[in-house]
Amino acid sequence: MRVLTGLFTSSLADVRMEAARCLHELSHSNDPAVAEACLPATSYLLTYLSGHSVEFTELCVYTLGNLAVESETVRKQLLPQGIIPALASCLQSPHVAVLEGLGYLLPQLLQATEDPATILPLVLDSALPLHMLRLVSSNLELGMGVAVEFAWCLHYVVCSHVNNGLLISQGIVSTLVLLLLDLASAVVEGATEGLELLLCPVLRCLSNLLAEDEPESCKVQMQDERLLVAVFLFMQRFLQQHPFLVQECLWLLNNLTADEPIFCSALLTLDLLPALLQLLPCSGTVTLLALTVLCNVAEKGPAYCRQLHQKAVLPSLLSTLALSDAQVVGQSLELLHLLFLHLPEAAADFLSQAGLQALAQHRDNPPLQERVRALEERYLQPAAATPVSPIRASAAALPS
Amino acid sequence: MLLPPGLSLSLQAERPLLPVRPRSPPRAPFCFSARRLRFHRQHEFFEDGDIHRHLYLQDILTNVTEVTERSKVSEFSCHIVGCCQVFDTLEGYEHHYNTLHRNMCSFCKRSFPSGHLLDTHILEWHDSLFQIMAEKQNMYQCLVEGCAEKFKSSKDRKDHLVKVHLYPSDFRFDRPKKAKSSIKHSKPHSKRDVSMPMDVNVETCEQSQADSMEICPSESTENPTQLASGPIPSVQEKQLYKSRIPSTVCFGQGASRGFKSLKKKA
Ligand SMILES: [Zn+2]
Ligand SMILES: [Zn+2]
Ligand SMILES: [Zn+2]
């Protein structure tokens, strides 16, 4: 290794290149001892990340990536040796080949099994997130591959919840929203090849950022109903081919509608409810999340429940009540409760659509029976089927 | 899934907000309360999407070998005065230029591997105020980009590099200053002399200095990653097989390898 680093730092360009190839070849070894034998070379590999030819830089980047995958010792050494600032300057390379290499190297560090608390504060402290963001949102110029890898990098950073407030203050939310709108336009134009690869991490970043405890700064940037339309376009496009994306979309939809009446209102006035109801038979996570979004809407009050009722939410609920998934049925009961609470006539209609029979099958199911009984007693007594008493019941539940 | 017709037209129109009822706490036994969800990186919600990504990466890695054709051009020589190297590919020239000329000190014609090291060199070797300043305050800045530390002497800096940045103790780009005269008295530079401090000079890496970098016996890594070495790149006249990433990879949690695009030069 001493000989090799000597050659690697030679002033003879050809020798230096050949030594880089040797190191690269060594980095392929599946023996961690080999990766660790290469430790003396890492400071030089990092030094060469800036200002060298594309091929040479590329070799150094992939060698570092391979070594980092293989050995925690290497990863631990790269941090003090200054890999973060080195990457930040390398990320400004105009060469796709170099950026692709970085798209390989960076996830190895961000995803490593050890405690993310060692690396993420350093990453967040650097210009890396902003460079990643730039590369993600310039996807079409640099090719999908680069954008996808850096979107995953951002996801690894965001889902570690180390300091998302900082990212939000840097404007990451509005950039991601604009990117999603662009991608929705691509869907409209039919250009969806490989789009799901990019969508998944972008949706995740946005959803997690919206869930931060201090979403005030997000709120301003997020009041854009076009985002809602985009989410539905994605679900429609990928429901058959990539169903996993639907739940990622519904997660975002939940985080949009949970606290923002504007999105609940838009969901109804844009007539997107039927599309949402069509997702209810999908089973599992999708059904549960779709019901949760409906609950978010219903929770906003009588005007919202009236719309839900007019758009035939009850027949769909009668179907989900027939499912065996206790979580799904439980969430259906929650939705019924909100509907009956805010809109007594919904209870009457539920009775007339044989709702009691649908509830009856869950009367003896421990996690559900209390709520079934409460619905029956509060809203579905034959005598209480008039709109009078439920209104009083609901009034009692509200703060005056 | 059917969306309402003309939905995309409604992208611009303003819509009135339906009146909102102030939120009330759920009344037992009901418990629903709208809340934003956040998922941590290990959350099972991510499973389906992560699997899809792993399949994508695996697919790419099976196609990792690429062929790059280097188009030859008629021979040309380096345009830097005093350098007479000849090339027949643009890539060869690019690499030569970046190695020898890109970060070259215009005073003493030595080359440096990065702009940061060149700046440091110029400050320390050719700035007439440097020595005077260095007697009063710490002037030797750390060689690691992004580290703001400064030191009284290059010896202190070296100790810092080794201790804090885990640099090899014989870091070759931080050779101590030679005789003072060498500043003023740079020889007419033949190609050989261009970058003295980075000559291939294996025997200067003394045994003792390398000790601190010696490797402990391998600790077993936790990654369930299995690798097989990729095809050996053979440099041929016209083709260069490059395989950046070992070709067979098993994915386990936290051990997925990145991608390699399948670019091909026409
Ligand atoms: Zn030259
Ligand atoms: Zn100089
Ligand atoms: Zn330092």
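Residues numbered from 1 in each chain as written. Chains lettered and ligands numbered in written order. Predicted model: local features only at pLDDT ≥ 70, side-chain atom pairs only at ≥ 80, totals over all residues. Heavy atoms only, no water.

Draft legend 1. Quick peek at the overall build of chain B. Scanning chain B for helices and strands turns up six helices and eight strands. Moving toward the C terminus, one meets the helices and strands of chain B in the order α-β-β-β-α-α-α-β-β-α-α-β-β-β. By the burial criterion, 38% of the 266 residues in chain B qualify as buried. Considering only intrachain contacts with a sequence separation of at least 6, the fraction spanning at least 24 residues in chain B is 45%. Total accessible area on chain B stands at roughly 15,600 Å², and carbon and sulfur atoms take up 55% of it. (Helix = DSSP H or I, 4+ residues; strand = E, 2+ residues; numbered from the N terminus. Buried < 20%, exposed > 50% of the residue type's maximum accessible area, 1.4 Å probe, protein only. Contact = heavy atoms within 4.5 Å. Areas by Shrake-Rupley, 256 points an atom, 1.4 Å probe, with all protein chains shown as cover.)

Draft legend 2. Geometry of helix α18 (residues 244–257) of chain A. For α18 of chain A, spanning 14 residues, the distance from its first C-alpha to its last is 21 Å, which sits close to the expected 20 Å at 1.5 Å a residue. With respect to burial, α18 of chain A is a largely interior element, 14 of its 14 residues being buried. (Expected span 1.5 Å × (residues − 1).)

Draft legend 3. Fine view of the packing of helix α19 (residues 261–269) of chain A against helix α22 (residues 302–310) of chain A. Residue and element names in this part refer to chain A. Here α19 crosses α22 at 25 degrees, and the two axes come no closer than 10 Å. If you check the angle between α19 and α22, you find them roughly parallel. The handedness of the crossing between α19 and α22 comes out as left-handed. Of the residues in α22, those touching α19 at Pro261, Cys264, Ser265 and Leu268 are Tyr304, Gln307 and Leu308. (Axes fitted to C-alpha atoms, helices over the stretch in contact; angles between N-to-C directions. Parallel < 35°, antiparallel > 145°, perpendicular 65-115°, else oblique. Left-handed = near helix turned anticlockwise from the far one by under 90°.)

Draft legend 4. Fine view of the coordination of the zinc ion (ligand 3). All names here are of chain B. Ligation of the zinc ion (ligand 3) by protein atoms is provided by Cys142 (SG), Cys147 (SG), His160 (NE2) and His165 (NE2), these donors lying 2.0 to 2.3 Å from the ion. Taken in sequence order, the residues that donate to the zinc ion (ligand 3) follow the motif C-x4-C-x12-H-x4-H. Owing to a relative accessible area of 9%, His160 belongs among the buried residues under this scheme. (Donors = N, O, S within 2.8 Å, 3.2 Å for Na, K, Ca; no water.)

Draft legend 5. Quick peek at the side chain of Thr292 of chain A. With respect to the element layout, Thr292 of chain A can be found in helix α21 (residues 284–298). Note on Thr292 of chain A: relative accessible area 12%, which makes it buried. Excluding residues within four positions of it along the chain, Thr292 of chain A makes contact with Asn254 and Gln331 of chain A together with Phe32 of chain B.

Draft legend 6. Representation of the coordination of the zinc ion (ligand 1) within the structure. All names here are of chain B. Bound to the zinc ion (ligand 1) are the protein donor atoms Cys78 (SG), Cys83 (SG), His96 (NE2) and His101 (NE2), situated 2.0 to 2.3 Å from the metal. If you look at the zinc ion (ligand 1), its four donor atoms make angles of 104 to 116 degrees with each other, and the shape they trace is tetrahedral. If you list the donors of the zinc ion (ligand 1) from N- to C-terminus, the spacing comes out as C-x4-C-x12-H-x4-H. With Cys78 in the loop between β2 (72–77) and β3 (86–89) and His96 in helix α2 (residues 90–100), this residue pair connects regions lying 18 residues apart in the sequence. (Tetrahedral: all angles 85-135°; square planar, octahedral: opposite > 155°, others 65-115°.)

Draft legend 7. Representation of the environment of Ser160 of chain A in the model. Note on placement: Ser160 of chain A falls in the loop between α12 (144–158) and α13 (164–169). Between the alpha carbons of Ser160 of chain A and Leu314 of chain A there is a distance of 39 Å; along the sequence they are 154 residues apart. Ser160 of chain A has contacts with Pro116 and Leu120 of chain A together with His40 and Arg41 of chain B, leaving out every residue within four places of it along the chain.

Draft legend 8. Structural detail: the UniProt feature "domain: C2H2-type" (unreviewed entry) in chain B. Here, UniProt's "domain: C2H2-type" (unreviewed entry) annotation points to residues 78–101, 105–126 and 142–165 of chain B. Between the end C-alpha atoms of residues 105–126 of chain B the distance is 10 Å, and the span holds 55% helix and 0% strand. (UniProt positions renumbered as here; feature names shortened; annotations may be inferred.)

Draft legend 9. Region of interest: the side chain of Lys300 of chain A. By the element assignment, Lys300 of chain A lies in the loop between α21 and α22. Within the structure, the side chain of Lys300 of chain A is placed 3.4 Å from the backbone oxygen of Thr257 of chain A, a separation counted as a polar contact. Sequence-distant contacts of Lys300 of chain A, defined by excluding residues within four places in its chain, comprise Thr257, Ala258, Pro261 and Cys264 of chain A together with Pro19, Val20, Arg21, Arg23 and Ala34 of chain B. (Polar contact = N/O pair within 3.5 Å; in protein donor to acceptor, adjacent residues only side chain to side chain.)

Draft legend 10. Region of the structure containing the packing of aromatic side chains. Inspection of every chain in the model, using the stated rule, returns 20 aromatic pairs over all chains. Centroid distance Phe8 of chain A to Phe56 of chain A: 5.9 Å. Interplanar angle 35 degrees. Geometry classified as tilted. Here Phe8 of chain A, found in helix α1 (residues 2–8), pairs with Phe56 of chain A, found in helix α5 (residues 54–70); they are 48 residues apart in sequence, far enough to count as distant. Given the relative accessible area of 0%, Phe8 of chain A is considered buried. Among the residues examined, Phe56 of chain A registers a relative accessible area of 0% and is labelled buried. Put simply, the rings of Trp251 of chain A together with Phe39, Phe45 and Phe46 of chain B pair up and form one aromatic cluster. We note Arg237 of chain A situated over the ring of Phe238 of chain A; from NZ or CZ to the ring centre the distance is 5.3 Å. When the ring centre of Trp125 of chain B is taken as origin, the NZ or CZ atom of Arg110 of chain B, which lies over that ring, is 4.6 Å away. (Phe/Tyr/Trp six-rings, centres within 6.5 Å; stacked < 30°, edge-to-face > 60°. Lys NZ or Arg CZ within 6 Å of the ring centre and 35° of its normal.)

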